[in-house]
Amino acid sequence: MSEIFTAAFWAEYGGILAEGLLDTLVMVVASTFFAYLIGLPMGVLSVLTQPHGICPKRTVNAVLGWVINIGRSFPFAILMVALFPFTKLVMGTRLGLRGAVLPLVVASAPFVARMVETSLSEVDAGVIEAAQSMGASTLQIVRKVYLPEAMPSLILGGSITLIAIVGYTAIAGMVGAGGLGDLAIRYGHQRHVPSVMWVTVIILIILVQVVQSVFSRLSVRIDKRLK
Amino acid sequence: MSESIIQIQHLTKNFGGGAGEVHALTDISLDIRQGEIFGIIGLSGAGKSTLVRCMNLLERPTSGTVLVDGKDMTALSEGELRLQRRKITMIFQSFNLLMQRTCLKNVCFPMEIAGVPKAQARKRAEELLELVGLQDKAGAYPAQLSGGQKQRVAVARALATDPKVLLCDEATSALDPTTTVSILELLKDLNAKLGVTVVVITHQMSVIEAICSRVAILDGGQVAELGPVQDIFSNPSTDAARRLVYPGGVSISQYPPSTRAIRISFNGGTAYQPLIASLAIDCGVKVNILGADTRNVGGKAIGTMLLGLPEDPGEAAKALSYIRAQPNVSAEEVEYHE
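The rules we used
- Residues numbered from 1 in each chain as written.
- Chains lettered and ligands numbered in written order.
- Predicted model: local features only at pLDDT ≥ 70, side-chain atom pairs only at ≥ 80, totals over all residues.
- Heavy atoms only, no water.
- Contact = heavy atoms within 4.5 Å.
- Buried area = accessible area lost by both parts, 1.4 Å probe.
- Salt bridge = Lys/Arg side-chain N within 4 Å of Asp/Glu carboxyl O.
- Polar contact = N/O pair within 3.5 Å; in protein donor to acceptor, adjacent residues only side chain to side chain.
- Helix = DSSP H or I, 4+ residues; strand = E, 2+ residues; numbered from the N terminus.
- Nonpolar A, V, L, I, M, F, W, Y, C, P; charged D, E, K, R; others polar.
- Axes fitted to C-alpha atoms, helices over the stretch in contact; angles between N-to-C directions.
- Parallel < 35°, antiparallel > 145°, perpendicular 65-115°, else oblique.
- Left-handed = near helix turned anticlockwise from the far one by under 90°.
- Expected span 1.5 Å × (residues − 1).
- Buried < 20%, exposed > 50% of the residue type's maximum accessible area, 1.4 Å probe, protein only.
- Arc of directions from axis to C-beta.
- Phe/Tyr/Trp six-rings, centres within 6.5 Å; stacked < 30°, edge-to-face > 60°.
- pLDDT = per-residue confidence, 0-100.

A. Seen up close, the interface of chain B and chain A. Listed per partner, the contact involves 23 residues of chain B and 23 residues of chain A. Taking both sides of the interface into account, the surface hidden between chain B and chain A amounts to around 2100 Å²; carbon and sulfur atoms contribute 59%. Our enumeration of links across chain B and chain A arrives at 2 salt bridges. For A:K144, the salt bridge is made with B:E112, and the minimal N-O distance between the two is 2.7 Å. Where chain B packs against chain A, one counts 9 residue pairs in polar contact (both at pLDDT 80 or more). Among the elements of the structure, β6 (88–92) and α3 (103–114) of chain B are those that each provide at least two residues to the side of chain B that touches chain A. Among the elements that line the side of chain B that touches chain A, the one with the most residues is α3(B), at 4 residues. A breakdown of the residues in the side of chain B that touches chain A according to their chemical character gives 12 nonpolar, 4 polar and 7 charged.

Here's what the structure looks like:
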């Protein structure tokens, strides 16, 4: 363990650790972006179509609920393997960053949808009713009421999503996706250099701490209910 | 007689279906006139909130028609309904302000929805905040305001689209008595200044008494009584009305039929004047307090009292004229029906 404080260790592994971190960050950011691109509208639609929503649609709501639940039922490792043929077809490869992003998005979009749904449900029904009473359309209510009013909560949800995806990337690393998870397995397990594994763990801990504190602070700062 | 602004004809609203069907409103017919302050009062569960939501069609009536400014609300398309709703705006018990927007932006909100250019909306919002006395709170967020201030912002917001009708759904029920009085004065003032028709939904008789010209009493989803406030107060002819009008729900039928009763209201005179005692001392007349519901609001007496007059007609007349001569006190004889 103590070798991690030596110059020789960093001369040998510094480069690949930096590369691994960068790969992880790229995977996390890209997957989160696409997960929100798909999950945010799903979550919004789910809130709007629920029985007491502003445009109740029983069938749409039920189908959406099923899709989200099925997506969330898959353990990520199994989902990734199950998606291999599909990933290869769409992305051209099932390996590396390209191969990892698609299953990460498929796994996180339903998660995002539920997070968004929970955040929007916290918006006071009276405020929605007030907007309706002024003649706001459904789209206006989403854009001008639901999303801005739920923003502090959406941001906290964002941090939870990001951290969950960091966890997924480590699993993705086990099946050839690259990133810190990949390093930990290859060096720590296969080549018996446990110090590399420990360094990746420390980096991941710092990453999670940073994400959580930045997002928590941002959420508090923008929340005008606390002023 | 002025024109109708809201006409409700044979309105019925049921919730649910089959065996669990709830009849919230049954065959309601009402005419609300342009420029008046109309009260709708009832106990909880009487259907007041449902009725007011049928006026702007937040609730769609099961049957019957609702005409607002000549247009049948039930026959409008979604788009037309949204336009019509700008003419009949609403304030709420819990204010329902957007918590992440400043007061100014809250007042701008309905104009954003209506597509009013930004600069113009901003200017109008500033005027409206001034109208409700909150020009210095333009940049504040709702969380920084008191209940009364929040309701003033909500009023300004409701007026942003120049509505013809302002619906007030228990607008003062979450406020303390002093703030209630100030919000009611604001509504009265706006009604006089802008000519906007005000519909007040409440469970408090004092609210109706303070600002309404006519009142409908709702009981079990039906209109129990409808008429000028003075008439209903002096002569409540249904149980529902009597429950609301008499302080503490006292019933005069428990007293001998010969009892002559008067209902007196304290409209904000000094609370330190012992009216009943001075009546006894100054006139030598003893009256019987049948029921009372009075409060001291910031040193002012607010509330009502039901008094039984002496059987002797001379003494009764003396007492009545003495009470009527007091400042800020009004008295009406209550008719008693077997």
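Now that the structure has been shown, we can carry on.
B. Expanded view of the packing of helix α1 (residues 7–49) of chain A against helix α2 (residues 58–73) of chain A. All names here are of chain A. Where α1 meets α2, the closest approach of the two axes is 9 Å, and the angle between their N-to-C directions is 140°. Between α1 and α2, the angle falls in the class oblique. Note that α1 runs across α2; the crossing there is left-handed. Touching M42, L45, S46 and T49 of α1 are R58, V60, N61, L64, V67 and I68, all from α2. Of the residues belonging to the contact of α1 with α2, the class tally is 6 nonpolar, 3 polar and 1 charged.

C. Region of interest: helix α11 (residues 313–324) of chain B. All names here are of chain B. For α11, built from 12 residues, the straight-helix expectation of 16 Å at 1.5 Å per residue is met to within 8% by its first-to-last C-alpha distance of 16 Å. Within α11, burial applies to A316, A319, L320, Y322 and I323. Summarising the axial view, the buried residues of α11 lie within an arc of 165°, below the 170-degree limit, and thus occupy one face.

D. Quick peek at the pattern of salt bridges. A complete count under the given rule lists 18 salt bridges over all chains for this structure. Across the pair A:R114 and A:E117 runs a salt bridge, and its minimum N-O distance is 2.7 Å. Of this pair, A:R114 and A:E117 both sit in helix α5 (residues 96–121), 3 residues apart, roughly one helical turn. Of the charged contacts in the structure, one is a salt bridge between B:R124 and B:D162, with a shortest N-O distance of 2.9 Å. Here B:R124, found in helix α4 (residues 118–131), pairs with B:D162, found in the loop between α5 (147–159) and β7 (165–169); they are 38 residues apart in sequence, far enough to count as distant. Judged by its relative accessible area of 55%, B:D162 is exposed. Taken together, the shared-partner salt bridges in this structure form one network comprising B:K123, B:R124, B:E127 and B:D162.

E. Main features of the packing of aromatic side chains. All names here are of chain A. Summed over the entire model, instances satisfying the criterion amount to 5 aromatic pairs over all chains. Between F9 and W10, the aromatic rings sit 5.3 Å apart at their centres with planes inclined by 85°, giving edge-to-face as the arrangement. For W10, a relative accessible area of 41% puts it in the partly exposed group. Between F9 and Y13, the ring centres sit 5.1 Å apart and the planes meet at 50°, which makes this aromatic pair tilted.

F. Focus on unusual backbone geometry. Residues and elements named next belong to chain B. Phi is positive for D27, close to 45°, though the residue is something other than glycine. Its place among the elements puts D27 in strand β2 (residues 22–33). Positive phi is not limited to glycine here, since L57 has a value of about 60°. Examined against the element boundaries, L57 turns out to sit in the loop between α1 (48–55) and β4 (63–68). Under the relative-accessibility criterion, L57 is labelled buried at 5%.

G. Up close: the confidence of the model for chain B. Counting all residues, the mean pLDDT for chain B is 88, and 91% of those residues have values of 70 or more. Note on the complex model: pTM 0.85, ipTM 0.88.

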